[in-house]
Amino acid sequence: MTTETLSRILHTRGAAVAIVAIAAVTVAVTAACGGIGGEWLTLVDAPAALRRLAIDAGWSLTANVAALCGIMLLMQYVNRRYNVLRTMTALFIGVFAVMQVATPMLALRLNVGTMLAAVVMVAVLLLYRTYGDPRAQRSVFLIFFIMALSALLTRFYGFVVYGLLFVVGCVQMRIFNARSVVALLLGVITAGVLYFSMGYVAGDAALQFSFDAYGSIFAADDLSETLVVLLTAALTALVAVVALTANIFKTIAYNARSRAYSGFLVVAVLFTIVVMAVDYSHFVTYMPMLNCFAAFQVAHFFAIHRRDKSCLGVIGIVVAYLMICVWRVVEI
């Protein structure tokens, strides 16, 4: 089998499913050996229903795996519907899976990072359909409504921070105007009114909460766990930046619509890295989002260079992240 043939196979859905299966088995073995970690991710001050779901191991695993599958399906749909990568590749699904299992706590335990990635991908889907649409206010309203409501339900300010990314996205989609600003504000206000009204009717102390409901990895007692997660995040950021830098020279030649779609993913990667650096105490929470956007960039790079023995690079990345996961078993 030639390297070109292998490269073509690695971009198929079958290969993506196989990589996801290998990643699932690897993280399952790691979990069985007690290498999950991340007990500090428990949602201390989150709403009672969400807290109970996160604490129960069985429900936490089920909910998180379902959310991750939903994210991968959304990634596939976004690329297929809007041809973001200019090719019908499914490689980003496998890359996202191995990046995610490199940090088992984010793969096997319900966490706000997974919720953030799922909600942002839904918002990306809504954003992409607005390109050049003079009647895009409905989508803008929905984007900021779900971001604001998610922030209130999970009590995590990261959703508000990513609202800024979608303001930039509105500019890139050429829909940012006075009507879009009004739709944005109405979406946020509606979410607030809905949340506090429901809290009042239910008798919940909705007005008495803080946006500091999530622990920090630096509060964990296991220094080795902290170092491994830091190195994993640094590796993903490096891979993403190298890939997007190489991709830019290709995307410049795309048409205006494709440049807007690809450009948003570039801005999203850089935005996520900056947010992780600024909000470093909660950087782990942003890792699923980084993995998602980095997977797009990596897949785009290898799709562009699929005839340049790119299969070796794909295999190298997959093995590297799986080895990070396996390393947890070795050090236990």
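This text follows the structure it describes.
No experiment lies behind these values; they were computed from the predicted model shown. (Residues numbered from 1 in each chain as written. Predicted model: local features only at pLDDT ≥ 70, side-chain atom pairs only at ≥ 80, totals over all residues. Heavy atoms only, no water.)

K.L.:
Report on the environment of Ala-234, specifying residues and quantitative values.
P.N.:
Locating Ala-234 in the fold gives a position in helix α11 (residues 223-251). Residue classification places Ala-234 among the partly exposed positions, given a relative accessible area of 45%. Placed 39 residues apart in sequence, Ala-234 and Ile-273 show a C-alpha to C-alpha distance of 9.4 Å. (Helix = DSSP H or I, 4+ residues; strand = E, 2+ residues; numbered from the N terminus. Buried < 20%, exposed > 50% of the residue type's maximum accessible area, 1.4 Å probe, protein only.)

K.L.:
Quick rundown of the packing of aromatic side chains? Include the residues and the values.
P.N.:
Applying the stated criterion to the full structure yields 15 aromatic pairs. Pairing Phe-301 with Phe-302 gives two aromatic rings, centres 5.2 Å apart and planes at 75°, and the pair type is edge-to-face. By relative accessible area, Phe-302 is classed as buried at 8%. Through pairs of rings, three or more aromatic residues link up here, namely Tyr-82, Tyr-128, Tyr-131, Phe-166, Tyr-261 and Phe-264. In this structure, Arg-81 is placed above the aromatic ring of Tyr-82, and the distance from its NZ or CZ to the ring centre is 4.9 Å. Sitting over the face of the ring of Tyr-254, Arg-86 holds its NZ or CZ atom 4.7 Å from the ring centroid. (Phe/Tyr/Trp six-rings, centres within 6.5 Å; stacked < 30°, edge-to-face > 60°. Lys NZ or Arg CZ within 6 Å of the ring centre and 35° of its normal.)

K.L.:
Hey, could you go over the nonpolar core for me, with residue numbers and the actual values?
P.N.:
Counting 100 residues, the largest nonpolar core has Tyr-128, Tyr-162 and Phe-166 as the members making the most contacts within it. Element by element, the count of residues in this core is highest for helix α7 (residues 112-128), at 14 residues. Contacts of Tyr-128, omitting those with residues within four sequence positions, involve Val-78, Tyr-82, Val-84, Met-173, Tyr-261, Phe-264 and Leu-265. Counting six residues, the second-largest nonpolar core is a separate cluster that includes Phe-145, Ala-148, Leu-149 and Ala-191. (Core = buried A, V, L, I, M, F, W, Y, C linked by side-chain atoms within 4.5 Å. Contact = heavy atoms within 4.5 Å.)

K.L.:
Describe the side chain of Thr-251, listing the residues and the values that go with them.
P.N.:
For Thr-251, the location among the structural elements is in helix α11. Separated by 3.1 Å, the side chain of Thr-251 and the backbone oxygen of Ile-248 make a polar contact. The contact partners of Thr-251, leaving out residues within four places of it in the chain, are Arg-259, Ser-262 and His-300. (Polar contact = N/O pair within 3.5 Å; in protein donor to acceptor, adjacent residues only side chain to side chain.)

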